[in-house]
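Fold and contact review
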Amino acid sequence: MSRSKKWRLEWAFFLGENGRRQYNRLCMGCTHGCKQSFRATVIECPQFQSQRLKKSGNKGGKKAK
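In short, a report on the structure.

Basis of the calculations
In every chain, residue numbers begin from 1 and rise along the written sequence. Local features in this predicted model are restricted to residues whose pLDDT is 70 or higher, and side-chain atom pairs enter the listing and the counts only when it is 80 or higher, whereas totals over whole chains, interfaces and linings include all residues. To obtain the side-chain values, all non-hydrogen atoms of the structure were included, while hydrogens and water were left out. What counts as a ring pair is set by centres within 6.5 Å for rings of Phe, Tyr and Trp (its six-membered ring), and what kind of pair is set by the plane angle: stacked under 30 degrees, edge-to-face over 60, tilted for all other angles. When accessible area is computed with a 1.4 Å probe and restricted to protein chains, residues below 20% of their type maximum are described as buried, those above 50% as exposed, and intermediate ones as partly exposed. Criterion for a charge above a ring: Arg CZ or Lys NZ at most 6 Å from the ring centre, at most 35 degrees from the ring normal.

**Observations concerning the packing of aromatic side chains**
Inspection of the entire model under this criterion finds four aromatic pairs. Here the aromatic rings of Trp-11 and Phe-14 are separated by 5.2 Å at their centres, their planes lie at 65°, and the arrangement is edge-to-face. You can call Trp-11 partly exposed: its relative accessible area is 23%. The exposure class of Phe-14 is buried, given its relative accessible area of 17%. Their ring planes at 90° and their centres at 6.3 Å tell us that Phe-13 and Phe-14 sit as a pair that is edge-to-face. Looking at Phe-13, the relative accessible area reads 46%, which means it is partly exposed. Members of the aromatic cluster, joined through ring pairs, are Trp-7, Trp-11, Phe-13, Phe-14 and Tyr-23. The aromatic ring of Trp-11 is capped on one face by Arg-21, whose charged end is 4.7 Å from the ring centroid. Its end group placed over the ring of Tyr-23, Lys-35 keeps NZ or CZ at 5.8 Å from the ring centre.

Right, dumping it as structure tokens:
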């Protein structure tokens, strides 16, 4: 099934070299609809928490004055 030109323009940021949609590595297993392109650099995702953060929790550190 071929994709229309309009579809390709809308999804151009998400399409990889093979013409298929590709998401960011962090968003691949995420069930939420806020998936980001593989081209984008994820600075912060409200839905994502790393496994390390879940295990150790927020220990809080000393703040510099």
